[in-house]
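# Chain and residue survey
Spelled out, the chains give:
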Protein chains: 2
Amino acid sequence: MNTELKISYPGSEKVYIPGIIHPTIKVGMRKVKQMPTVVMHNGERIETPNADVYIYDTSGAYGDKNMAVDLKKGLPHVRAMWIKERMENADAKGVTQMYYAKQGIITAEMEYVAIRENMNCQQLGIETHITPQFVCNEIANGRAVIPANIKHPEAEPMIIGKNFLTKINANIGNSATTSSMTEEVEKAIWSCKWGADTIMDLSTGANIHETREWILRNSPVPIGTVPIYQAIEKVNGDIEKLTWEIYRDVLIEQCEQGVDYFTVHCGIRLKNVMLAKDRLTGIVSRGGSIISKWCLLHQQESFLYQHFDDICDIVAKYDVALSLGDGLRPGSIYDANDKAQFAELDTMGELVERAWAKHVQVFIEGPGHVPMHKIKENMERQEEKCHHAPFYTLGPLVTDIAPGYDHITAAIGAAQIGWYGTAMLCYVTPKEHLSLPNKNDVRDGVVAFKLAAHAADLAKQHPGAMVRDNAMSKARYEFRWKDQFNLSLDPERAIEYYKTTNSVGGKYCTMCGPNFCAMKISRTLCNQE
Amino acid sequence: MNTELKISYPGSEKVYIPGIIHPTIKVGMRKVKQMPTVVMHNGERIETPNADVYIYDTSGAYGDKNMAVDLKKGLPHVRAMWIKERMENADAKGVTQMYYAKQGIITAEMEYVAIRENMNCQQLGIETHITPQFVCNEIANGRAVIPANIKHPEAEPMIIGKNFLTKINANIGNSATTSSMTEEVEKAIWSCKWGADTIMDLSTGANIHETREWILRNSPVPIGTVPIYQAIEKVNGDIEKLTWEIYRDVLIEQCEQGVDYFTVHCGIRLKNVMLAKDRLTGIVSRGGSIISKWCLLHQQESFLYQHFDDICDIVAKYDVALSLGDGLRPGSIYDANDKAQFAELDTMGELVERAWAKHVQVFIEGPGHVPMHKIKENMERQEEKCHHAPFYTLGPLVTDIAPGYDHITAAIGAAQIGWYGTAMLCYVTPKEHLSLPNKNDVRDGVVAFKLAAHAADLAKQHPGAMVRDNAMSKARYEFRWKDQFNLSLDPERAIEYYKTTNSVGGKYCTMCGPNFCAMKISRTLCNQE
């Protein structure tokens, strides 16, 4: 493994915006410099500059050419000072962002995300609703979450909430059949390069602890896990032998290690398990199937539901956020929006209030496979039942018949539910249903979801979201090809495809050709050429 | 060039459903045979058969292993007999499907599409609104179009309308810079393999006539063109020299050759051209930019608008349908739903009524680049202004920033507008904005749009649309891997990706691995294993 990984983007420079309330804050952003617009007027060349475009940057220190990074040493501890300061002044009643927010305290993390969300707004004078105070209010009322374990000082703060930029998560992790530990670390950093806002390590095979350690120490974004995967390894796959104590120990181990959020399938009730029996595809959540089976074997409520308050007490000490896993999510169009799914959602609503009572940050996982006309009901019902805690969905996939292209079927549903208010979209790769993703699949999945999330931000009219589109379109109309590449979600692929034409660098579309270009003709109409 | 092309799909067989009103009809469909469901009960193996699934088939004779096809000879003339019979009995007042429909005559084409749209319904007893009479009514009132030039007897009838399956179009064609004639023919057949319902030949370079001839004689689906592309070649690119006479001759040449629909930019009015002057990306339609420039150069209404009735008189003789091109469609998020775009739509509404008065079938082209929250207005306004003539959109692309992935940004918008009622979706390939597509890009674009169209059909609750999804999901839950591949939109890619795992053929998900598979555990809950 090459342990000195770097991330670079063409025509871009890493810049840092300082905090005001907390001057130690340095929010990294990617600044794209543009070429000027050139017009010939009466034989004279007139240049008009085009403003820099700031891009939300998830590449961390890897994307800063002035910083040395070595995987064996891990990333710098950007949050260490803030955490230390808070711990010294802690009143022993709580350390979570929600705890501070309820008291009206604006933490460094809150100011950090406020700056991060507003790229381009300050520079271009765009009005924005996102202030540190607004962030604080949203955290206090539970409508947004900053997943930030106090034991994970390497992660750069980010916020998950309806009134913020739509985020995406990339799943990585090995299973018994494929992948190695080093590959997973590379995939994690690779995901950050393409724009993943959080990463979930879903490893189930050997070396779970070490793989996670490598990922945590080298990840600039928050890390989520599904602790039941490690618990089941501890009982050699024998579901019946799972106990609260085993699970609790796994939670504590992972809290200590620095995991930022846990998917916990606490919403599965004994009485609801058999609601899934008439389904076409049963239970498709790994955690959900394990807990359901446990409930039936023991004929009692799961230890996750019974010990939910204990779980909250544990994670509250670290400010690990809970992601209430939808163990009964539909795995097919046929099963969408059924009684099993919605019964679990009702339970989640109850759990949200219990988590908030202990100042635990919480969000809700959602489907799955849902046809387009049933997507809106998912969002509306989630908001109503779960008291506006953030929604975090897997796709949803809008048809079942496209294996090999499920990053697209899922991006279609994701864009739509993101527009309706889902705060984070879990990516799906082209290998979904078929195999575990390789690096190229991860890239395809992340970029597909990045564009879906951005489409949602445009539709939500998020402040400044259109800046990058407008810069891209202006560059397109002016045949500034390099600027187009630099502003792309995936500059490398854009350049690669562009170079397949025979006509590189021309003042015309490579689709229309030199003699017959719509934009070229259009420009002559207004004497722009 | 290999002139003996064949198309095959695994586990599939071409079957033909006969007509009742017109017994000479043979509607080709793809029948997928499934494995039985196997359950072990008290040590006994119990097999339950799974019904055959019928799939809408655009592969024509290429997909029938019993038919010899030679590109040099062209396809069999499936419609020849019907056309001949009608021409012999023609009352000289009209030959269009709309003309017959208005008299309540159910043509063979109408019955053909009724059978074609109802795959699986008859076999599974699913209620359907689509009868030959219903088709006839929809054609009569202009809500649907069967593009079927009487000089193109090779094409298998298909219908474009809101109340039918959502269709997709694939663009092919060379420009001055790339591609050769034979490649384009191969791309056409390749598009049909993956499910293109119509093909537009957008060639602009040399050999326009011969390329089109090859495509027409060998295409099992209707062919559309943009005649202005050939007209502009005739005046060596000098827009000012374009005249009605030159354009008219091109129309007649292409009518005679067998083109099934023409994109005509008749909706551009002199008074509206300058509405686009404040746009970010001006005019991005090639035809639109040419006609706009012509209007400004001559300071008069375009010959296309002025001669619209003459155009209708020409195409009515061949039953070529008109696709009213949106010359002023937005080419960026910023320009979406602007006054230029909507002014053209108003003109199109006027033209629709003029076309219908001459029994000419007509549909309307739409954008382009539109953010999600502005898509619905496009559909609603089009229906209102254009009297429910079918809508045919390019995407729309829901963001500008993803070159290299624009088949996805476009599929997101396409799925949504298809759900709202758009009848045909023009595909976009990953090379959009960057280069002309190669064969693999065509496949990616067609499949992305096929899945978007299918997602729209699910959301519209089209009769029988869910049959394939349900079969796929059942096969998935029962680990019938071969059936999953055979039912996929792209079996070859699904198999290719599946084979990247180490665990082929197992009774568990290749994502979860053998020891930890949700569906495997889920099946044990209900004693299905």
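Attention in this report is confined to the structure presented alongside it.

Turning our attention to unusual backbone geometry. The step from P367 of chain B to G368 of chain B runs through a cis peptide bond, and the omega angle for that step is 5°. Inspection of the secondary structure assignment puts G368 of chain B in the loop between strand 13 (362–366) and helix 15 (375–385). In this structure, the amide linkage connecting G395 of chain B to the following residue, P396 of chain B, adopts the cis form with an omega of 5°. Residue position: P396 of chain B is located in the loop between strand 14 (391–394) and helix 16 (406–420). Of note, the phi angle at N337 of chain A is positive, near 55°, even though the residue is not glycine. Positionally, N337 of chain A belongs in the loop between strand 12 (321–324) and helix 14 (339–357). Its relative accessible area of 12% is what places N337 of chain A among the buried residues. A positive phi angle is found at H359 of chain A, which is not glycine, with a value near 60°. Take H359 of chain A: it is sitting in the loop between helix 14 and strand 13 (362–366).

Quick look at the relation of the copies chain B and chain A now. Superposing chain B onto chain A takes a rotation of 180° plus a shift of 0.0 Å along the axis, which leaves an RMSD of 0.0 Å. Classification of the inter-copy transformation places it as that of a two-fold axis. Every residue of chain B has its C-alpha some distance from the rotation axis, and the shortest such distance is that of I412 of chain B, at 2.3 Å. Of all interface residues in chain B, 100% are interface residues in chain A too; the two copies therefore contact each other through one and the same surface.

On to the packing of aromatic side chains, then. Scanning the model with the defined rule gives 28 aromatic pairs over all chains in all. Ring geometry for F134 of chain A against F164 of chain A: centres 5.7 Å apart, planes inclined by 50°, an arrangement best described as tilted. Here F134 of chain A is found in helix 5 (residues 132–140), whereas its partner F164 of chain A is found in the loop between strand 7 (160–161) and strand 8 (167–172), with 30 residues between them in sequence. Within the aromatic cluster, the residues linked to one another by ring pairs are W244, Y247, W294 and F303 of chain A. Sitting above the plane of the Y9 of chain A ring, R30 of chain A keeps its charged end 3.9 Å from the centroid. Above the plane of the ring of F342 of chain B lies R381 of chain B, whose end atom (NZ or CZ) is 3.9 Å from the centre.

All names here are of chain B. Here helix 14 (residues 339–357) crosses helix 15 at 30°, and the two axes come no closer than 9 Å. One finds that helix 14 runs roughly parallel with respect to helix 15. Contacts between helix 14 and helix 15 involve Q341, F342, L345, D346 and G349 from the former and E377, N378, R381, Q382 and K385 from the latter. Tallied by class, residues from the contact of helix 14 with helix 15 come to two nonpolar, four polar and four charged.

Listed per partner, the contact involves 104 residues of chain B and 104 residues of chain A. Connecting chain B to chain A are zero salt bridges. Summed over the shared surface of chain B and chain A, the number is 18 residue pairs in polar contact (both at pLDDT 80 or more). Secondary structure elements with two or more residues in the side of chain B that touches chain A: helix 8 (228–234), helix 11 (286–298), helix 16, helix 17 (439–459), helix 18 (466–477), helix 19 (481–487), helix 20 (491–498) and helix 21 (518–525) of chain B. Among the elements that take part in the side of chain B that touches chain A, helix 17 of chain B stands out by supplying eleven residues, more than any other. When its residues are assigned to classes, the side of chain B that touches chain A shows 56 nonpolar, 33 polar and 15 charged.

Picture the strands of a sheet paired through backbone hydrogen bonds; they go either parallel or antiparallel. Residue and element names in this part refer to chain A. With antiparallel pairing, the three strands of this open sheet are ordered in space as 1-2-5. The sheet terminates laterally at strand 1 (12–18) and strand 5 (53–56), the two strands that pair on one side only. Across the sheet, the mean angle from the axis of one strand to that of its neighbour is 45°, orientation sign disregarded. Across the sheet, helix 3 (residues 108–117) touches strand 1, strand 2 (26–32) and strand 5, and the angle it forms with strand 2 is around 10°.

Conventions and cut-offs
- Residues numbered from 1 in each chain as written.
- Chains lettered and ligands numbered in written order.
- Predicted model: local features only at pLDDT ≥ 70, side-chain atom pairs only at ≥ 80, totals over all residues.
- Heavy atoms only, no water.
- Helix = DSSP H or I, 4+ residues; strand = E, 2+ residues; numbered from the N terminus.
- Buried < 20%, exposed > 50% of the residue type's maximum accessible area, 1.4 Å probe, protein only.
- Least-squares fit on C-alpha atoms with pLDDT ≥ 70 in both.
- Contact = heavy atoms within 4.5 Å.
- Phe/Tyr/Trp six-rings, centres within 6.5 Å; stacked < 30°, edge-to-face > 60°.
- Lys NZ or Arg CZ within 6 Å of the ring centre and 35° of its normal.
- Axes fitted to C-alpha atoms, helices over the stretch in contact; angles between N-to-C directions.
- Parallel < 35°, antiparallel > 145°, perpendicular 65-115°, else oblique.
- Nonpolar A, V, L, I, M, F, W, Y, C, P; charged D, E, K, R; others polar.
- Salt bridge = Lys/Arg side-chain N within 4 Å of Asp/Glu carboxyl O.
- Polar contact = N/O pair within 3.5 Å; in protein donor to acceptor, adjacent residues only side chain to side chain.
- Pairing = 2+ DSSP bridges.

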